[in-house]
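Listed below, chain by chain, are the residues.
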Amino acid sequence: MEDPTRREIFERWRRANPHPTTELRYSTPFELLVAVILSAQATDRGVNRATEGLFAVANTPQALLDLGLEGLKSHIRSIGLYNAKAENILRTCRILVERHGGQVPREREALEALPGVGRKTANVLLNTAFGEPTIAVDTHIFRVANRTGIAPGRTPLAVEKRLMEVVPMEFRRDAHHWMILHGRYVCTARAPRCGECLIADLCEYDEKRN
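Given the structure is predicted, the values throughout are model-derived calculations rather than measurements.

### Thoughts on the environment of Glu170
Link 1 in the chain: Within the secondary structure, Glu170 is located in helix α10 (residues 169–185).
Link 2 in the chain: Along the chain, Glu170 and Pro133 lie 37 residues apart, while their C-alpha atoms are 9.0 Å from each other.
Link 3 in the chain: Aside from chain neighbours lying at most four places away, what touches Glu170 is Arg7 and Arg14.
Link 4 in the chain: A polar contact of 2.7 Å, which involves the side chain of Glu170, links it to the side chain of Arg7.

### Quick notes on the nonpolar core
Link 1 in the chain: In this structure, Leu33 and Leu64 are the most contacted members of the largest nonpolar core, which totals 36 residues.
Link 2 in the chain: With eight residues, the single largest contributor to this core is helix α2 (residues 29–39).
Link 3 in the chain: Setting aside anything within four residues of it in sequence, one finds Leu64 in contact with Phe30, Val34, Leu54, Ala58, Leu72, Ile89, Leu90 and Cys93.
Link 4 in the chain: Judged by nonpolar contacts, the second largest core, of 24 residues, contains Val144, Ala151, Val159 and Trp178.

### Notes on the pattern of salt bridges
Link 1 in the chain: Using the criterion set out here, one finds 16 salt bridges in the structure.
Link 2 in the chain: Ionic pairing is found between Arg108 and Glu112, a salt bridge with its closest N-O pair at 3.4 Å. Of the two residues, Arg108 and Glu112 are both situated in helix α6 (residues 108–112); the distance of four residues between them amounts to about one turn of the helix.
Link 3 in the chain: A residue is classified by how much of its surface remains accessible, and Glu112, at 32% relative accessible area, is partly exposed.
Link 4 in the chain: Glu160 is paired through a salt bridge with Arg119; the nearest N and O atoms lie 2.8 Å apart.

### Overview of helix α4 (residues 61–76)
Link 1 in the chain: The end-to-end C-alpha separation of α4 is 16 Å, well short of the 22 Å expected for 16 residues at 1.5 Å each.
Link 2 in the chain: A bend of about 100 degrees at Gly68 is the largest found in α4.
Link 3 in the chain: Burial in α4 covers these residues: Pro61, Leu64, Leu65, Gly68, Gly71, Leu72, Lys73 and Ile76.

### So, the packing of aromatic side chains
Link 1 in the chain: Following the criterion strictly, the structure yields four aromatic pairs and no others.
Link 2 in the chain: With 5.9 Å between their ring centres and 20 degrees between their planes, Phe10 and Phe171 make a pair best called stacked. Of this pair, Phe10 sits in helix α1 (residues 4–16) while Phe171 sits in helix α10, and the two are 161 residues apart along the sequence.
Link 3 in the chain: Relative accessible area serves as the criterion here: at 0%, Phe10 is assigned to the buried category.
Link 4 in the chain: Taken together, a centroid distance of 6.4 Å and an interplanar angle of 50 degrees make the contact between Phe10 and Trp178 tilted. With Phe10 in helix α1 and Trp178 in helix α10, this residue pair connects regions lying 168 residues apart in the sequence. When sorted by exposure, Phe10 lands in the same class as Trp178, which is buried.
Link 5 in the chain: Through successive ring pairs, a cluster of aromatic residues spans Phe10, Trp13, Phe171 and Trp178.
Link 6 in the chain: A cation sits over an aromatic face here: Arg147 above Tyr205, 4.9 Å from the ring centre.

### Points about unusual backbone geometry
Link 1 in the chain: Of note in the backbone geometry, Gln41 takes a positive phi value of approximately 55 degrees without being a glycine.
Link 2 in the chain: The class for Gln41 is exposed, based on a relative accessible area of 72%.
Link 3 in the chain: One non-glycine residue, Leu81, lies in positive phi territory at about 60 degrees.
Link 4 in the chain: Within the secondary structure, Leu81 sits in the loop between α4 and α5 (82–99).
Link 5 in the chain: Residue Leu81 is classed as exposed on the basis of its relative accessible area, which comes to 52%.

### A short note on the packing of α4 against α5
Helix-helix packing is characterised by the crossing angle of the two axes and by the distance between the axes.
Link 1 in the chain: Look at α4 against α5: their axes get within 9 Å of each other, and the N-to-C directions meet at 180 degrees. With respect to α5, the axis of α4 lies roughly antiparallel. Residues Pro61, Gln62, Leu64, Leu65, Gly68, Leu69, Leu72, Lys73 and Ile76 of α4 pack against Tyr82, Asn83, Ala86, Glu87, Ile89, Leu90, Cys93, Arg94, Leu96 and Val97 of α5.
Link 2 in the chain: For the contact of α4 with α5, the class distribution of residues is 13 nonpolar, three polar and three charged.

Quick notes on the rules
All residue numbers refer to positions counted from 1 along the written sequence of the respective chain. Side-chain atom pairs in this predicted model are given and counted only at pLDDT of 80 or more, local residue features only at pLDDT of at least 70, and totals for whole chains, interfaces and linings cover all residues. Side-chain metrics in this entry use all non-hydrogen atoms of the structure; hydrogen atoms and water are not considered. Helix numbers and strand numbers start at the N terminus; a helix is a DSSP run of H or I with at least 4 residues, a strand a run of E with at least 2. We call two residues in contact when some of their heavy atoms are within 4.5 Å. Polar contact criterion, stated in full: a pair of N or O atoms within 3.5 Å, where within protein one must be able to donate a hydrogen and the other to accept it, and residues adjacent in sequence count only if both atoms are side-chain atoms. What we call a nonpolar core is a set of buried Ala, Val, Leu, Ile, Met, Phe, Trp, Tyr and Cys residues that are connected through their side-chain atoms within 4.5 Å. The buried label applies to any residue whose accessible area, calculated with a 1.4 Å probe on protein chains only, is under 20% of its type's maximum; exposed applies above 50%, and partly exposed to all values in between. The term salt bridge refers to a side-chain nitrogen of Lys or Arg lying within 4 Å of a carboxyl oxygen of Asp or Glu. The length a helix should cover is 1.5 Å for every residue beyond the first. The term bend refers to the angle at a residue between two fitted axes, each drawn through seven residues, those ending there and those starting there. Ring pairs are drawn from Phe, Tyr and Trp, using the six-membered ring of Trp, whenever the two centres fall within 6.5 Å, and their geometry is named by plane angle: stacked under 30 degrees, edge-to-face over 60, tilted for the rest. Here, a charge over a ring is recorded when the distance from Lys NZ or Arg CZ to the ring centre is within 6 Å and its angle to the ring normal is within 35 degrees. As a rule, the C-alpha atoms of each element are fitted with a line to give its axis, helices using only the stretch in contact, and angles between N-to-C directions run from 0 to 180 degrees. Put simply, angles under 35 degrees are roughly parallel, angles over 145 are roughly antiparallel, angles from 65 to 115 are roughly perpendicular, and the rest are oblique. Residues are grouped as follows: Ala, Val, Leu, Ile, Met, Phe, Trp, Tyr, Cys and Pro are nonpolar; Asp, Glu, Lys and Arg are charged; every other residue, Gly included, is polar.

And the structure:
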């Protein structure tokens, strides 16, 4: 049975932001894939600065393979863990070229088989690139889901499964983006801005701030 409080939460977020999307800049599923791999333990702003120059010279799997490891690293040195990320990206590019005709696959199993791609990244691709109603649970969503009481859980997978149960279908495709933005700018980790929160009166957090 649908919970009216959760419906109202998502109704409010939809009224405030009817068409939410990622803050990562991309123009193709492959560009999004690279950006999401780079975004682990990095800010979207930092990733966008790096990919702006990278995608101008190489924005397909084959073009990145042609650029080579050192060429790729030269564009992403500002990103944390860039050495490991560069190796994963090139290994992923090789698989995309050899097994998928240079295209990003739309199947979860195939996505999760790519180096540097876990369940969260696969969910981002399925949702944002391909329009699937998946919900990727990052640190922001994990915090918001637990703090507000929308979908408490001890692990990201538990939170994801709970969200898929309690978020009404009509909101599921956009829920990922609304919750990330809420966690990034309002329901922040150290000092949540409860006085600016659209859902403060519906939130179960016991230590609300004015």
